[in-house]
Amino acid sequence: MAGLFAYDAVSAKCRCLIGKLLTREEYSALASQKTFAGAVAYLKEETSYSDLLSDIEPANIHRARLEQLLEGRLVDVYIKLYTFTSGPERRFIGHLLEELEIRYLLDAIRATEYDDSMEFYSIPPFIRSHTTIDFARIFRTDSKAEILEALRGTEYYELLYPLLSDNKSRFSQIEAEINQSYYKKLMTSYTDHFDKEQKKRIRAAISARIDLLNLSVILRIRRFKTLNEGVDRVKLDFTAILPMLIPIFGRFGESEIVSICSDELTLDETLDRFAELYKKPVELFYEQNATGNYGSAFLYRLSRGMATSSKPSFDIVFGYLSLIRFENDNIIYTLEALRYGVPEEKIEASIII
């Protein structure tokens, strides 16, 4: 009987937190604000973000500082569920937090490639206390070689040594190597402790994300090639693309990838073929998230289904953690769009909910 109620408490906690997510009406009100400051004021005065923003002055807050607050709140949600669980489930949430660690590292590497500054970056205390990476040092580096030296003694040093030691590797290669390593662990050792049915569902959700990451790589390369060659339909060299893909294939298997690459297709036709594999409307796969990866609407629907499961299970935790990340990205996108005067209807159309 103990196993039957193992997830009752954490499932109830997540259902309470789901009730605090922004609604479509709140997103519409946020998108209708005329200024960045007005949007921040709306979040502070009218939504569940009032506590987070209680000490800030909307007219004076810097965009980077606001993003830090939102990122900190996201980490706080993970911590809340991390401390609410125990044993293998707690460790799995810790592994999910590694995605944020990876994102900070990739941002620092990208900054060296594009000569950007990391001066406004800060790491939430929980991640700082659990990571083996010296991010304070990482954020002061000016080259990939310096980042490599700062990674000495961490798991990333051996992983990235071949790519960072010559200071010439492209960012896409580095990103692919890190993602490949992380998702291999997430799909295998990190999910091994779940029971058979739970493991099957969580791995299916992770493999869908991997499929979409692989699709996004193919679409980016196809878009570049169509622009470079001045044509609508192009073939791709699968052997050149394969090293940039995460070699864990779900429905988007190796044979399907070979076919999509070797056929002369437009971007839309590529998406059509992918949608057929998942037997879902192609419109779900056009939506992109903040990093330009496709399929956000599909992933949101998948996460929502897991988070609202009627049966207490870890599905609810996994689904909710995905939803809160969508919310974070939605808010950051909306605020940034308002800064640049993007029309309200276009902002609303780009919010994933």
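Definitions and cut-offs
- Residues numbered from 1 in each chain as written.
- Predicted model: local features only at pLDDT ≥ 70, side-chain atom pairs only at ≥ 80, totals over all residues.
- Heavy atoms only, no water.
- Helix = DSSP H or I, 4+ residues; strand = E, 2+ residues; numbered from the N terminus.
- Buried < 20%, exposed > 50% of the residue type's maximum accessible area, 1.4 Å probe, protein only.
- Contact = heavy atoms within 4.5 Å.
- Areas by Shrake-Rupley, 256 points an atom, 1.4 Å probe, with all protein chains shown as cover.
- Lys, Arg positive; Asp, Glu negative; His and termini not counted.
- Charge placed at Lys NZ, Arg CZ, Asp CG, Glu CD.
- Salt bridge = Lys/Arg side-chain N within 4 Å of Asp/Glu carboxyl O.
- Polar contact = N/O pair within 3.5 Å; in protein donor to acceptor, adjacent residues only side chain to side chain.
- pLDDT = per-residue confidence, 0-100.
- Phe/Tyr/Trp six-rings, centres within 6.5 Å; stacked < 30°, edge-to-face > 60°.
- Lys NZ or Arg CZ within 6 Å of the ring centre and 35° of its normal.
- Expected span 1.5 Å × (residues − 1).
- Arc of directions from axis to C-beta.
- Axes fitted to C-alpha atoms, helices over the stretch in contact; angles between N-to-C directions.
- Parallel < 35°, antiparallel > 145°, perpendicular 65-115°, else oblique.
- Left-handed = near helix turned anticlockwise from the far one by under 90°.
- Nonpolar A, V, L, I, M, F, W, Y, C, P; charged D, E, K, R; others polar.
- Patch = residues over 30% accessible without salt bridge, like charges linked within 9 Å, V, L, I, M, F, W, Y side chains within 5 Å.
- Disulfide = S-S within 2.5 Å.

Asks: Account for the overall build of the chain, naming residues and giving values.
Replies: Scanning the chain from terminus to terminus reveals 18 helices and 0 strands. Referenced to the eigenvectors of the C-alpha coordinate spread, the extents of the chain come out at roughly 55 × 50 × 45 Å. The proportion of buried residues among the 353 residues of the chain is 49%. Looking at the chain alone, contacts between residues at least 24 apart form 61% of all its contacts between residues at least 6 apart. About 17300 Å² of surface is accessible on the chain, with carbon and sulfur atoms providing 50% of the total. Across the chain, the centroid of the 45 positively charged side chains sits 4 Å from that of the 53 negatively charged ones.

Asks: Can you lay out unusual backbone geometry for me, pointing to particular residues and giving the numbers?
Replies: Although it is not a glycine, Lys-279 adopts a positive phi angle of roughly 55°. Considering the arrangement of structural elements, one finds Lys-279 in the loop between helix H14 (267-278) and helix H15 (283-286).

Asks: Now, about the environment of Ile-353: what can you tell me, with residues and values included?
Replies: Looking at where Ile-353 falls in the secondary structure, it is placed in the segment after helix H18 (344-350). Considering only alpha carbons, one finds Ile-353 and Pro-312, 41 residues apart in sequence, at a separation of 23 Å. Setting aside anything within four residues of it in sequence, one finds Ile-353 in contact with Leu-22, Thr-23, Arg-24, Tyr-27 and Tyr-300.

Asks: Tell me about the pattern of salt bridges, and name the residues and values.
Replies: Note that side chains of opposite charge can pair when their charged atoms are close. All chains considered together, the criterion is met by 16 salt bridges. Across the pair Glu-99 and Arg-209 runs a salt bridge whose closest N-O atoms are separated by 2.7 Å. Separated by 110 residues along the polypeptide, Glu-99 in helix H5 (residues 87-114) and Arg-209 in helix H11 (residues 196-229) bring together distant segments of the chain. Both residues of the pair, Glu-99 and Arg-209, belong to the buried class. Among the salt bridges present, the one from Glu-336 reaches Arg-339, with a minimum N-O distance of 3.2 Å. With a gap of 3 residues between them, Glu-336 and Arg-339 both fall in helix H17 (residues 314-339), about one helical turn apart.

Asks: A description of the side chain of Arg-209 should follow, citing residues and the corresponding values.
Replies: The class of Arg-209 is buried, set by a relative accessible area of 17%. Only 2.7 Å separates the side chain of Arg-209 from the side chain of Glu-99, close enough to count as a polar contact.

Asks: Tell me about the confidence of the model for the chain, residues and numbers included.
Replies: Mean pLDDT over the chain: 90, with 98% of residues reaching 70 or higher. Low pLDDT, under 50, characterises residues 1-5; the stretch is placed with 0 contacts to residues that sit more than four places away or in other chains.

Asks: Provide a residue-level description of the packing of aromatic side chains, including the pertinent values.
Replies: A ring pair, where both rings are aromatic, is described by two values, the distance of the centres and the angle of the planes. Enumeration over the complete set of coordinates arrives at 17 aromatic pairs. Ring plane angle 80° and centroid distance 6.0 Å describe the contact between Tyr-104 and Phe-135, whose orientation is recorded as edge-to-face. Remark: Phe-135 occurs in helix H7 (residues 135-138) and Tyr-104 occurs in helix H5; sequence separation between them is 31 residues. Accessibility assignment for this pair places Tyr-104 and Phe-135 in one class, buried. By the ring-pair criterion, three or more aromatic residues cluster together here, those being Tyr-7, Phe-92, Phe-194, Phe-314 and Phe-318. Directly above the aromatic system of Tyr-82 lies the positively charged group of Arg-90, at a separation of 5.1 Å from the ring centroid.

Asks: An account of H14 is requested, with residue identities and associated values reported.
Replies: Along its 12 residues, H14 runs 17 Å from first to last C-alpha, staying within 8% of the 16 Å computed at 1.5 Å per residue. Within H14, burial applies to Thr-270, Leu-271, Phe-274, Ala-275 and Tyr-278. Projected down its long axis, H14 carries its buried residues within an arc of 135°, all on one side. Note on H14: the residue one or two positions beyond its end, Lys-279, has a positive phi of about 55°.

Asks: Which residues make up the packing of helix H1 (residues 8-18) against helix H4 (residues 63-84), and what values go with them?
Replies: Packed helix pairs are specified by the crossing angle of their axes together with the interaxial distance, meaning the distance between the axes. One can describe the packing of H1 onto H4 by two numbers: an axis separation of 10 Å at closest approach and a directional angle of 160°. Considering their axes alone, H1 and H4 lie roughly antiparallel with respect to each other. Relative to H4, the crossing made by H1 is right-handed. Within the contact between the two elements, H1 uses Ala-9, Val-10, Lys-13, Cys-14 and Leu-17 and H4 uses Lys-80, Leu-81 and Phe-84. Residue classes in the contact of H1 with H4 are distributed as 6 nonpolar, no polar and 2 charged.

Asks: Residue-level account of a negative patch on the surface, with values.
Replies: A contiguous patch of negative charge on the surface is contributed by Asp-115, Asp-116, Asp-142 and Glu-146. As for its position among the elements, Asp-142 is in the loop between H7 and helix H8 (144-150). Among the residues examined, Asp-142 registers a relative accessible area of 64% and is labelled exposed.

Asks: So what about the state of the cysteines? Which residues, and what values?
Replies: Tallied over the entire structure, the rule returns 0 disulfides. Take Cys-14: it sits in no disulfide, and the sulfur closest to it among the cysteines is that of Cys-16, at 9.7 Å. The exposure class of Cys-14 is buried, given its relative accessible area of 0%.

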